[in-house]
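Coordinates in review
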Amino acid sequence: MENEIKMYDTYVNIGPQIEIGNNKLQIRIDKSSGRLIGIKNKVTKDEYVKNAPRNSGMPFAILCRGNGSSDLWFDARDQRVSDVKIEKLSNGCRVVKIFYQNLLKGVEKYDIELKYSIRVFPQNEESLWQIEIVNNDKKVSVLEVVFPSIYGIYLGKTYEDDVLVFPLSAGIRVRNPVSEFVKSPVIRRFTCAFHGTPHSFIERGVPTRKIENGIHVLEGLYCGGTSMMWFDYYDMDQGLYMASYDRDFLVTCLHVETPGPTDPRVDFYIKKYVFIPYEEKWSSYPYSVGVHSGDWHWGADRYRKWAKTVLKNPEVPRWFKENDALIAHYDLKYASSYKGKERIGHRYEDLPKLYKEANKEGIDHLFIGGWYRGGHDGCCPEYFPDLELGSPIDFRNSIKKITEMNGHVTFYTNARLFNLHCGYFERLGRTWAAKDANGNIYKESYGVEKFAVMCSGCSEWKKLMHDYAMWLVEVIGATGVYFDQIGAASPKVCYDFNHEHGPHPSLWNSSYADMLKEINEDFKRKGLDVITMIEGCGDIYGPYVTAHLISFLGSWVFPSLFRYTFPEYMLVAMANLYAIEKDLNFDLDKLHMEFIHGMYFWIWDPFPNENFFIENKDWWEHFKKILKLRETARPFITNGKFKDNIGVEVSDDTVQAKLFELKNEKIRGKLVTLWNKQHKSNVKIIVNISDLKDVKVFKQELGGNVTPLDHNIRDDKVEFLAPTSVVSIVIIKE
């Protein structure tokens, strides 16, 4: 027994409360109801659950719909546990299983069995939770499962130094969410320069919404609203990590809320959309709840470790790795969303000229939107040539001329929408559309155009998008295909069980992943050196696409979250928002942030009768200097690993530094990208080089060449002063 205690630190204590834990964490559950009572960090001795609402029913809630369409919520607060089982495994793990033979709503009993379990591991900050539901009740079907839910959290003595990282798009970071969630965000409104329609984005603040009882909510649906299934809440000493290790990648809601400083707490939950009718059951994959020291990188490392068991790294064509930017033209033809009328900017015969202009500036990759019938946002998904722009042969010949000049062309498609005005909608689109639980088609509007959202689990829709991609490459000669919205717009839960997904309404993400995988494999099988790109980012799509287009808009954006968690995925960012609003000064901070993260640049050139490179000469000359820096840094960016700020120290917080590591047969070294906005001098940078030997250190400033950099080496660390250039790179290599 004494030896066992020394080997394993896990334990379970049962009294009025059930305690399960190890020397890192402790979880407490009410024995009679199964209600979660507390989570303690035993290293810091901090009880995380400090201010849970009295009526909270954590750690679960399920939504049931009756035959009369009435909705019923069940949670742990009014339930009675029928059994508790304890398991002790040979590897030292301890498992608590909580059983409910039925669920209560008031005095009424529903024949729904529920079981949840919590597993702790020896010497481990992470616990794994699972839930299983068996529906033996003819009166209801289960539609949503909230698990785990953990309420009443703040860390340490005050909530004011707490930080939330959340995977909205490529990531956001919110300092002091209890206070920040309740503030009204600053909205920047403008008229889109090429659509002529009003737009807005949150310039400062958090994209929350206010619900009943004064609660302020931040949430997103995976995958599209959010890019990953995890988040982290931490302060200087400790953190709480929550994740879903769902190998089915179901549509998942990540939810964070707070009443604000008047009732200081943060509540968290993860929700799955399921369909469990009478005589069916559903068992979840594990969820993780981690109680850790350190910041959000701990959570990112844990999530990546799990993801690598199910997701492979992408194979990126060499030509894309050896490029730094593309020029995007949406100005062939705009649909009626442009000030209520169609507008033609270029025809197919103009494309070689546009390529020559870009190539003269050192860019050989064009992105073409607005090329199909009706123009951009026009007759989706009729992706074939628009006769006002030229004939199909004109279209093909123009692309042939570009590729003969060693150029590359990527074409826009929207893999999600069907224009309601399209003549094929009633005959095809209505059947293919995603539908809610009441049978209604999901609809969205962009500009003046109205669309139905297609179901990713509809085999006919997936085949159409697959065939368009193959046609663009094999017949037209494209070297890239872009699928709009897949990783940027929220997924839908589809209840049209005539689709390929059948009675599984939440397979949106895996269905799109299957489509992208089939397209990617078809390209490889035919030896086609082609890229695929999606709007937004998503971990599940990463193995099957070359690049993800992300946004750096807003003060809350935190792209390091996705970039660090999946450093092998190539990210593209819009270097100029000139197409949205003619304000290039607004772009500079965003541009410099994109550079230090190693983005592949997307340049808008959206206005016909205007040469962007000439009209915006000062900005363009500045950008070309950044391109020169990226060209030097490219081996580390495209072949190395992004480490964020792990392994690099900066003496002044106003200077931002990011680290890349590369170890291959040609280079063993590190790259530091620096943004010195205020051109400060005497800022000390320290980089850990314990894994390198006999290093040399070089720098390159904006507009300069690679030169040696003075440095000192001490205790496996190299020290040097940050260059005063607004952006620069430092290379440390053997």
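These remarks concern the structure in this document. Residue numbering note: each chain is counted from 1, following its sequence as written. Local features in this predicted model are restricted to residues of pLDDT 70 or higher, and side-chain atom pairs are both shown and tallied only at a pLDDT of 80 or more, whereas totals for entire chains, interfaces and linings draw on every residue. Only hydrogens and water are removed before side-chain values are computed, so all heavy atoms of the structure are retained for them.

**Overview of the nonpolar core**
What counts is decided by this rule: For the purposes of this section, nonpolar cores are sets of buried Ala, Val, Leu, Ile, Met, Phe, Trp, Tyr and Cys residues that join through side-chain atoms within 4.5 Å. The rule is simple: take the accessible area with a 1.4 Å probe, protein chains only, and divide by the maximum for that residue type; under 20% is buried, over 50% is exposed, in between is partly exposed. Put simply, DSSP H or I for four residues or longer makes a helix, DSSP E for two residues or longer makes a strand, and each gets a number counted from the N terminus. Every residue pair with non-hydrogen atoms within 4.5 Å of one another is taken to be in contact.
Membership of the largest hydrophobic core comes to 147 residues, with the highest contact counts inside it found for Trp 371 and Trp 602. The biggest single contributor to this core is helix α13 (residues 617–639), with nine residues. Setting aside its immediate chain neighbours within four residues, Trp 602 contacts Leu 326, Ala 328, Tyr 330, Phe 367, Tyr 482, Met 533, Leu 549, Val 572, Ala 573, Met 574, Ala 575 and Asn 576. Counting residues in hydrophobic clusters, the runner-up holds 72 residues, among them Val 120, Val 146, Leu 218 and Tyr 269.

**Here's the deal with the sheet that holds strand β20 (residues 216–222)**
For the record, the criterion: Paired strands are those between which DSSP finds at least two bridges.
Spatial ordering of the open sheet is given by β7-β6-β14-β24-β23-β20-β19, a layout of seven strands whose pairing is antiparallel. The outermost strands of the open sheet, each flanked by one partner alone, are β7 (71–75) and β19 (209–210).

**Quick word on empty space enclosed by the protein**
Where empty space is left becomes clear once a probe the size of a water molecule has been rolled over the atoms. Here is the rule we go by: Any residue with an atom within 4 Å of a point lines the site, the site being either a cavity, points on a 1 Å grid over the protein atoms alone where a 1.4 Å probe fits but cannot get out, or a pocket, an open set with protein on both sides within 12 Å along at least 5 of 7 lines. Grid points are joined across faces, edges and corners, and a volume is the space filled by probe spheres set on the points. In this classification, the charged set is Asp, Glu, Lys and Arg, the nonpolar set is Ala, Val, Leu, Ile, Met, Phe, Trp, Tyr, Cys and Pro, and all remaining amino acids, among them Gly, are polar.
For the structure on display, the rule yields two cavities of 30 Å³ or more. Quantified by volume, the largest cavity comes out at close to 50 Å³. Lining the largest cavity are Ser 244, Asp 246, Asp 248, Leu 250, Lys 272, Trp 282, Ser 283, Ser 284, Tyr 285 and Tyr 287. Its residues assigned to classes, the lining of the largest cavity shows four nonpolar, three polar and three charged. Empty space within the second largest cavity amounts to approximately 40 Å³. Residue lining of the second largest cavity: Cys 455, Ser 456, Gly 457, Lys 492, Cys 494, His 501, His 504, Pro 505, Ser 506, Leu 507, Trp 508 and Ser 511, and that is the complete set. Tallied by class, the residues present in the lining of the second largest cavity amount to five nonpolar, six polar and one charged.

**Comments concerning the packing of aromatic side chains**
Definition in use: Geometry of aromatic contacts follows a simple scheme: Phe, Tyr and Trp rings, the Trp one being its six-membered ring, pair when their centres are within 6.5 Å, and the pair is stacked under 30 degrees between planes, edge-to-face over 60, tilted otherwise. Whether a charge sits over a ring comes down to the Lys NZ or Arg CZ being within 6 Å of the ring centre and within 35 degrees of the ring normal.
Applying the stated criterion across every chain yields a total of 55 aromatic pairs. Where Tyr 348 meets Phe 395, the ring centres are 4.6 Å apart and the plane angle is 40°; that geometry is what we call tilted. Taken together, the residues span a long stretch of sequence, with Tyr 348 in the loop between β29 (343–344) and α5 (351–360) and Phe 395 in helix α6 (residues 392–404) at a distance of 47 residues. For the pair shown, Tyr 348 and Phe 395 are each scored as buried. Arg 304 extends its terminal NZ or CZ atom over the ring of Tyr 564, reaching a point 4.9 Å from the ring centre.

**Details of the side chain of His 365**
For clarity, the cut-off: In protein, a polar contact requires one atom able to donate a hydrogen and another able to accept it; more generally it is a pair of N or O atoms within 3.5 Å, and residues adjacent in sequence count only if both atoms are side-chain atoms.
Mapped onto the secondary structure, His 365 falls in strand β30 (residues 365–368). You can call His 365 buried: its relative accessible area is 0%. Here Tyr 600 takes part through its side chain, which lies 2.9 Å from a polar atom of the side chain of His 365. The residues contacting His 365, other than those within four sequence positions of it, are Trp 319, Phe 320, Ala 325, Leu 326, Ile 327, His 408, Val 409, Thr 410, Ile 531 and Tyr 600.

**Examining the pairing of strand β43 (residues 668–676)**
Of all nine residues in β43, eight are buried, a share of seventy percent or more. As paired elements, strand β42 (residues 655–663) and β43 share nine bridges and run antiparallel to each other. Its bridge partner lying in β43, Lys 658 is registered against Thr 673. Taken together, β42 and the strand that follows it, β43, pair antiparallel across an intervening segment of four residues. Bridge count between β43 and strand β49 (residues 727–733): seven bridges; the pairing is antiparallel. Paired with Gly 669 across the two strands is Lys 733, which belongs to β49.

**Concerning unusual backbone geometry**
In this structure, the amide linkage connecting Met 58 to the following residue, Pro 59, adopts the cis form with an omega of 20°. Secondary-structure assignment places Pro 59 in the loop between β5 (46–47) and β6 (61–66). Put simply, Phe 147 and Pro 148 share a cis peptide bond, and its omega is -15°. With respect to the secondary-structure elements, Pro 148 resides in strand β14 (residues 140–153). At Gln 123, a position not held by glycine, the phi torsion is positive, near 55°. Among the structural elements, Gln 123 can be located in the loop between β12 (112–120) and β13 (126–135). Despite not being glycine, Asn 176 has its phi angle at roughly 55°, a positive value. Looking at the element boundaries, Asn 176 is found in the loop between β16 (172–175) and α2 (177–180).

**Things to note about α6**
Where we set the bar: Under the convention used throughout, the expected extent of a helix is 1.5 Å for every residue step, that is, one less than its residue count. Each C-beta atom gives one direction from the helix axis, and the arc is the one those directions make.
If you check α6, its first and last C-alpha atoms are 18 Å apart, about what 13 residues at 1.5 Å a residue would give, namely 18 Å. Along α6, the residues classified as buried are Phe 395, Ser 398, Ile 399 and Ile 402. End-on view of α6: buried residues confined to an arc of 95°, all on one side of the axis. Check the buried side of α6 and you find it contacts α5, β30, β31 (408–414) and α8 (459–476). Downstream of α6 by one or two residues, Asn 406 has phi in the positive range, about 65°.

**Digging into the environment of Phe 720**
Relative to the elements of secondary structure, Phe 720 occurs in strand β48 (residues 717–721). Residues Phe 720 and Arg 77 lie 643 residues apart in sequence; the distance between their C-alpha atoms is 58 Å.

**With respect to the sheet that holds strand β32 (residues 417–419)**
Note the cut-off: Axes, fitted as lines to C-alpha atoms, cover a helix only where it is in contact. Angles between the N-to-C directions of the axes lie from 0 to 180 degrees.
If you walk across this open sheet you meet the three strands as β32-β34-β33, and the pairing is antiparallel. Here the strands that pair on one side only, and so sit at the sheet edges, are β32 and β33 (443–446). Strand after strand, the sheet turns through a mean of 40° between neighbouring axes, direction not considered. Relative to strand β34 (residues 449–453), β33 is paired through four bridges, and the arrangement is antiparallel. Each residue of the ladder has a partner; that of Lys 443, found in β34, is Ala 452.

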